[in-house]
Amino acid sequence: MQPLQTTSLRVANNRLFILDQQALPQEKHWLPASTVEELVGHIHALRVRGAPLIGLSASLLLALLAEQGAARSRLAQALETLRAARPTAVNLMNNLERMKQALAQENWVAALANEALRLVEEDKRLCDDIAQAGAALVKPGSRLLTHCNTGGLATAGTGTALGVIALAHQQGKVATVWVDETRPLLQGGRLTAWELGELGVPYQLITDSMAASIMAKGQVDAVWVGADRIAANGDVANKIGTYSLAVLAKFHGVPFYVAAPQTTLDPGCPNGEAIPIEQRAGAEVTGVAGSFGCVQWAPEDARVYNPAFDVTPASLISGWVLDSGVVTPPEVAAGVFAKSIL
Ligand code: MRU
């Protein structure tokens, strides 16, 4: 396969590498993802993460394994193993569905490589189109609040919500970005803060519990988040903590926008209740780990509840900003997502 480089994915010498998102921002390591087991391990540990990126990494690995001579039956098995690596982000399932169709073709080795590369190129375009559509909604002098990480680290392109913010900044419209640190895994504090710094976008890092007080003081003009799955009725699964931001935004009269590519739509999923929510290890809540080390503050035997995502009902969302443009609440109520065909 031809060499490829995005912010957090690399194909070199026919091997896949991922930028370790658990070590950032203190350390920058490129790790090999040469086998299904290796990539699934990286996905579970969130060394590779973000809804679009996990789908792309899985697709690239399948294509590379095919080029290395893996049998079709082994690839079919590998595809199912990768599909089950994380349950909530539907981009993984949607990308692998397209890879499955490529695997069914007569010239499947070439078809898999072409499809994986096409998915990467498509994702870059989707990000650009989301950014254009979203930046048009950002008013000059805006103080924007974002949650988790939705930038170049999480996609092949400029990102979803963070791509909107980056373009609005280039257009001179962003006064500051409030970055939710995003407990428990700190994607905001570690990754979004780093990306905004690299882009030269002014930001202030806050703990998740500070959002209410800055909204009450009138210091947030809009909230921008990404999505892991958008159901047919417009309900959105995204990083845990998104729902509380949406409730706060509604209470304070702050617009709440969801930015996502069409690969995040799941027209077959009727509503948020039907979205599977990943439960993760208690150790993520009882302490913290990263390239800075590992600490535990809770008692050894603390019982933990750790859902990785929550669901924001459509009624709290001001607009769904897709690559195809801004979808409004009346359009969602009229069933536009239920009819969408990927
Ligand atoms: O658990 P993560 O870090 O993969 O969760 C990521 C998110 O929730 C993002 O907001 C979402 O995937 C959109 S990424 C463009």
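Just so we're clear, the structure is a prediction, and the values are computed from it rather than from any experiment.

**So, the environment of Ser 315**
One can find Ser 315 in the loop between β15 (309-312) and β16 (319-322). Each C-alpha atom, one on Ser 315 and one on Ser 34, is 43 Å from the other, the two residues being 281 residues apart in sequence.

**Observations regarding the packing of helix α6 (residues 161-170) against helix α7 (residues 187-199)**
Two numbers describe a pair of packed helices, the interaxial angle and the distance between the axes. It is the contact of α6 with α7, at a shortest axis distance of 11 Å, that shows an interaxial angle of 25°. Comparing their axes, α7 and α6 come out roughly parallel. As for how α6 packs across α7, the hand of that crossing is right-handed. Between α6, through Leu 162, Ile 165, Ala 166 and His 169, and α7, the contact on the second element is made entirely by Thr 192, Glu 195, Leu 196 and Leu 199.

**Here we look at the site of the ligand**
The full set close to the ligand counts 18 residues, and Arg 49, Gln 187, Asp 228, Asn 238 and Lys 239 are the nearest of them. Contact distances for the ligand include 2.7 Å between an oxygen atom and a side-chain N or O atom of Lys 239. The protein chains hide 99% of the 410 Å² of surface that the ligand would expose on its own. Counting residues per element, the ones that place at least two in the shell around the ligand are α2 (51-67) and β10 (236-239).

**Things to note about the packing of aromatic side chains**
Summed over all chains, the structure comprises two aromatic pairs. Sitting over the face of the ring of Trp 30, Arg 10 holds its NZ or CZ atom 4.1 Å from the ring centroid. Geometry around Phe 309 places Lys 239 over its ring, the cationic atom sitting 4.3 Å from the centre.

**Structural notes on the pattern of salt bridges**
A side chain of one charge can pair with a side chain of the opposite charge when the charged atoms of the two come close. Counting across every chain of the model gives 12 salt bridges. Across the pair Glu 115 and Arg 98 runs a salt bridge, and its minimum N-O distance is 2.6 Å. Note that Glu 115 is positioned in helix α5 (residues 108-135) and Arg 98 in helix α4 (residues 90-103), a separation of 17 residues in sequence. Given the relative accessible area of 10%, Glu 115 is considered buried.

**A closer look at the side chain of Thr 176**
Its place among the elements puts Thr 176 in strand β6 (residues 174-180). Owing to a relative accessible area of 11%, Thr 176 belongs among the buried residues under this scheme. Among all residues touching Thr 176, those that are not within four sequence positions of it are Ser 142, Arg 143, Leu 144, Pro 202, Tyr 203 and Gln 204.

**Some remarks on the sheet that holds strand β7 (residues 203-206)**
Read across the sheet, seven strands follow the order β7-β6-β5-β8-β11-β16-β17 without closing on themselves; strand pairing throughout is mixed. The open sheet has two edge strands, β7 and β17 (325-327), and neither has a second partner. In this sheet, adjacent strand axes meet at a mean angle of 25° when their direction is disregarded. Sheet analysis places β6 next to β7, joined by four bridges and oriented parallel. In the strand pairing of β7, Trp 178 is matched with Gln 204.

**Digging into the domain arrangement of the chain**
In terms of domain boundaries, the chain breaks down into domain 1 (4-128) and domain 2 (133-333). Contact residues are listed per partner, giving 36 residues for domain 1 and 38 residues for domain 2. In this assembly, domain 1 and domain 2 are joined by one salt bridge. The interface formed by domain 1 and domain 2 holds 20 residue pairs in polar contact (both at pLDDT 80 or more) in total. When contributions to the side of domain 1 that touches domain 2 are tallied by element, the ones reaching two or more residues are α2, α4 and α5. Broken down by element, the side of domain 1 that touches domain 2 gets its largest block of residues, six residues, from α5. Its residues assigned to classes, the side of domain 1 that touches domain 2 comprises 17 nonpolar, 12 polar and seven charged.

Rules and cut-offs
Residues numbered from 1 in each chain as written. Predicted model: local features only at pLDDT ≥ 70, side-chain atom pairs only at ≥ 80, totals over all residues. Heavy atoms only, no water. Helix = DSSP H or I, 4+ residues; strand = E, 2+ residues; numbered from the N terminus. Axes fitted to C-alpha atoms, helices over the stretch in contact; angles between N-to-C directions. Parallel < 35°, antiparallel > 145°, perpendicular 65-115°, else oblique. Left-handed = near helix turned anticlockwise from the far one by under 90°. Contact = heavy atoms within 4.5 Å. Near = heavy atom within 4 Å. Polar contact = N/O pair within 3.5 Å; in protein donor to acceptor, adjacent residues only side chain to side chain. Areas by Shrake-Rupley, 256 points an atom, 1.4 Å probe, with all protein chains shown as cover. Phe/Tyr/Trp six-rings, centres within 6.5 Å; stacked < 30°, edge-to-face > 60°. Lys NZ or Arg CZ within 6 Å of the ring centre and 35° of its normal. Salt bridge = Lys/Arg side-chain N within 4 Å of Asp/Glu carboxyl O. Buried < 20%, exposed > 50% of the residue type's maximum accessible area, 1.4 Å probe, protein only. Pairing = 2+ DSSP bridges. Domains from an automatic or database assignment. Nonpolar A, V, L, I, M, F, W, Y, C, P; charged D, E, K, R; others polar.

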